[in-house]
Amino acid sequence: MQITTKAIVLSSIKYGDTSLIVRAFTQSDGVKSYLLKGVLASKKAKIRPAYFLPLMQLEIVANHKNKGTLESIRDVKVAIPYQTLHTDVVKNSVVLFLAEMLGNSIQEQEQDESLFNYLEYALHWMDIHQLSPNFHILFLLNLTKYLGFYPDTSYRNSPFFDLLEGSFCKTPTLNPLVQNENLESFKKFLGMNFEALKTIQLTKSNRRELLKTVIQYYRLHVHGFREPKSLAVLNAVFT
């Protein structure tokens, strides 16, 4: 079936000498993988490799057979042109990290309009605003709303947050816990939007510790989650 849909690139890897395998989150069908035959062979080709940089927002015309095999793309154009995400060195480091986190976390092969809209908005916001060093933390915490494990804030004045249960608690449990200074940092981000990021001040060590906590939270709630390889680069950028 031929379909026209928006798509956000999660990853692209070289296949053979001339082809790419692109994994994307589509507005119409969730996660899809495409084989782009010969796309690296000709500079005059209509579909160019530059379209498939991490987190590019595209509009594609694709053939979806929906048989669990690699799909194909017939045509592509940029849906939302970025001004800075792939040219600003710091923003590009964040893009690589977020693309890896999204690739590890989004698994459904079905339409999820609300998740797609969130990613579309958040990436555009990041592109046109000055980058906060805390952007990626809020991005990931807000993403959990759409993945189904946003923290339960019912008892947020409690001294512990149980990462496995996803809720605050008054007494320690045997599960991994957030507490003390790290808990105070964690709570600052709950219920926050991107516009309010400028109000958050964290030290470098606070930020690194909080990011470790958020990644652990994902590891506990996302089946088959893999540690992002780009984390070391991201930490180097913000130190």
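Above this text is the structure in question.
Read on for a plain summary of the structure.

What counts and how
- Residues numbered from 1 in each chain as written.
- Predicted model: local features only at pLDDT ≥ 70, side-chain atom pairs only at ≥ 80, totals over all residues.
- Heavy atoms only, no water.
- Salt bridge = Lys/Arg side-chain N within 4 Å of Asp/Glu carboxyl O.
- Helix = DSSP H or I, 4+ residues; strand = E, 2+ residues; numbered from the N terminus.
- Buried < 20%, exposed > 50% of the residue type's maximum accessible area, 1.4 Å probe, protein only.
- Polar contact = N/O pair within 3.5 Å; in protein donor to acceptor, adjacent residues only side chain to side chain.
- Contact = heavy atoms within 4.5 Å.
- Pairing = 2+ DSSP bridges.
- Axes fitted to C-alpha atoms, helices over the stretch in contact; angles between N-to-C directions.
- Parallel < 35°, antiparallel > 145°, perpendicular 65-115°, else oblique.
- Left-handed = near helix turned anticlockwise from the far one by under 90°.

## Looking at the pattern of salt bridges
Applying the stated criterion across every chain, the model contains seven salt bridges. When the shortest N-O distance is used, the salt bridge between K187 and E184 registers 3.5 Å. Of this pair, K187 and E184 are both found in helix 4 (residues 180–188), three residues apart, which corresponds to roughly one turn of the helix. Note on E184: relative accessible area 43%, which makes it partly exposed. E209 is the salt-bridge partner of K212, the closest N and O atoms lying 3.8 Å from each other. Of the two residues, K212 and E209 both sit in helix 5 (residues 204–221), three residues apart, roughly one turn of that helix. Here K212 falls in the partly exposed class, since its relative accessible area comes to 49%.

## Quick word on the side chain of T26
Structurally, T26 is set in strand 2 (residues 19–26). Among the residues examined, T26 registers a relative accessible area of 0% and is labelled buried. Polar side-chain contacts of T26 include one of 2.9 Å to the backbone nitrogen of D29. Sequence-distant contacts of T26, that is, excluding residues within four places in its chain, are made with T5, K6, A7, K32, Y34 and F116.

## What about the sheet that holds strand 6 (residues 160–162)?
Reading across the sheet, the three strands line up as 7-6-8 and stay open at both edges, with antiparallel pairing between neighbours. Strands at the two margins of the open sheet, each flanked by one partner only, are strand 7 (167–169) and strand 8 (177–179). Averaged over all neighbouring strand pairs, the angle between strand axes comes to 35 degrees, with direction disregarded. Where strand 6 meets strand 8, three bridges bridge the pair, whose relative direction is antiparallel. Of the residues in strand 8, the one forming a bridge with F160 is Q179. Contacts between helix 4 and the sheet are confined to strand 6, strand 7 and strand 8, with strand 8 contributing the most and set at about 90 degrees to the helix.

## Re the packing of helix 3 (residues 135–147) against helix 5
Running from N to C, helix 3 and helix 5 cross one another at 20 degrees; their axes reach a closest spacing of 10 Å. As far as their axial angle goes, helix 5 and helix 3 are roughly parallel. Seen from above, helix 3 lies across helix 5 with left-handed handedness. Two secondary-structure elements touch here, helix 3 through H136, I137, L140, L141, L143, T144 and L147 and helix 5 through R207, L210, L211, V214, Y217 and Y218.

Without other data, these values stay purely geometric and don't point to any function.
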